[in-house]
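Reading the structure
Residues per chain are reported as follows:
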Amino acid sequence: MKFLKKSIVYFTLFFFAYFMLNALRIYNYSSEYSEEQSDVAIVLGAAINNGTPSPVFRERINHSIYLYKKGVIDKVIYTGGVGKGHTQSESEVAMLYAISKGVKKEDILIEKVSKYTTQNLSEAKKLLTSHNLNSVLLISDPLHMKRGMLHAENNGIQCKSSPTKTSMYSSKSVKFKQLVYEAFFYSLSEPLITIGFNP
């Protein structure tokens, strides 16, 4: 019994230390930014509200539009399936929003089945392969980029980080909550990926 209690205590301490290390890694990585000329940008999905992008999703889409109009990317992949209580997929809503802002429909690719970050990227990988797109920028919120890049690499996508320049995660309290969230799920995902699982 004492051995079990000690093991639990040691594991808890180890996980807390690992969690804190990852929080620091995620925070530091959030400033990694690229506008390198690329074939395509992958925009990770987020919530929609009544057929319109949520404020968080809108800023991700806006960043892809900025890169497209600047000539940094030729095409955009929007990801995200149909959430509970919705009839449209996140990617469809993103596509319509982008078209309304001047992105050509023929330069947009979407997948409509993914629910989570790793699925966003596994579905995006299929589109990259089928359309022979090689150089990639990944778009999400700054504090989400470290986990997004982890899953991109795990799905065989070689890409560079291009986080949004603006985000609804702006106040200190909201940023702190997002950092805790990202650090927790990164701390779960990285070990599982290391041993061969795809969380």
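Everything here concerns the structure above.
First things first, this report covers the structure right here in the doc. Predicted model only: the values in this text are computed from it and were never measured.

Viewed as axis vectors pointing N to C, helix α4 (residues 117-130) and helix α5 (residues 145-154) meet at an angle of 45°, and their least axial separation amounts to 9 Å. Between α4 and α5, the angle falls in the class oblique. The chirality of how α4 crosses α5 is right-handed. Of α5, the residues touching α4 (which contributes T117, T118 and L121) are R147, G148, H151 and A152. Residue composition of the contact of α4 with α5, grouped by class: two nonpolar, four polar and one charged.

Note: α-helices contain 3.6 residues per turn, so residues at a spacing of three or four share the same orientation. An ideal rise of 1.5 Å per residue puts 33 Å on 23 residues; helix α6 (residues 172-194) measures up with 32 Å between its terminal C-alpha atoms. All of the buried residues in α6 are Q178, L179, E182, A183, Y186, S187, S189, E190 and I193. Where α6 terminates, the next one or two residues include G196, which has phi positive at roughly 105°.

Bringing the pairing of strand β1 (residues 38-43) into the picture now. Burial within β1 is extensive, with five of its six residues counted as buried. Pairing of β1 with strand β4 (residues 73-78) involves five bridges; the strand directions are parallel. Following the sheet pairing, A41 is matched in β4 by V76. Across four bridges, the pairing between β1 and strand β6 (residues 136-139) is parallel. Within the sheet, the bridge partner assigned to V40 lies in β6 and is V136.

The next point concerns the pattern of salt bridges. On inspection of all chains with the given rule, the structure shows 10 salt bridges. For R60, the salt bridge goes to D141, with nearest N and O atoms at 2.6 Å. Remark: D141 occurs in the loop between β6 and α5 and R60 occurs in helix α2 (residues 55-70); sequence separation between them is 81 residues. On the basis of relative accessible area, R60 is assigned to the buried category, the value being 5%. Residue D141 is classed as buried on the basis of its relative accessible area of 0%. The partner of E92 in a salt bridge is K112, with the nearest N and O atoms 3.6 Å apart. With a gap of 20 residues between them, E92 in helix α3 (residues 90-100) and K112 in the loop between β5 (108-110) and α4 connect regions that are remote in the sequence.

Tracing the chain through its elements places Y97 in helix α3. For Y97 and K177, which are 80 residues apart along the polypeptide, the C-alpha to C-alpha distance reads 28 Å. Setting aside residues no more than four positions away along its own chain, Y97 makes contact with P53, R58, I61, N62 and I65.

Alternating residues of β6 divide into V136 and L138 and L137 and I139, and every residue in both groups is buried. Sheet topology note: the β6/strand β7 (residues 159-161) ladder contains three bridges and is parallel. When the bridges of β7 are listed, V136 appears paired with C159. The β-α-β motif built from β6, the intervening α5 and the parallel element β7 has right-handed crossover chirality.

Basis of the calculations
- Residues numbered from 1 in each chain as written.
- Predicted model: local features only at pLDDT ≥ 70, side-chain atom pairs only at ≥ 80, totals over all residues.
- Heavy atoms only, no water.
- Axes fitted to C-alpha atoms, helices over the stretch in contact; angles between N-to-C directions.
- Helix = DSSP H or I, 4+ residues; strand = E, 2+ residues; numbered from the N terminus.
- Parallel < 35°, antiparallel > 145°, perpendicular 65-115°, else oblique.
- Left-handed = near helix turned anticlockwise from the far one by under 90°.
- Contact = heavy atoms within 4.5 Å.
- Nonpolar A, V, L, I, M, F, W, Y, C, P; charged D, E, K, R; others polar.
- Expected span 1.5 Å × (residues − 1).
- Buried < 20%, exposed > 50% of the residue type's maximum accessible area, 1.4 Å probe, protein only.
- Pairing = 2+ DSSP bridges.
- Salt bridge = Lys/Arg side-chain N within 4 Å of Asp/Glu carboxyl O.
- Right-handed = clockwise from strand over helix to strand, strands pointing away.

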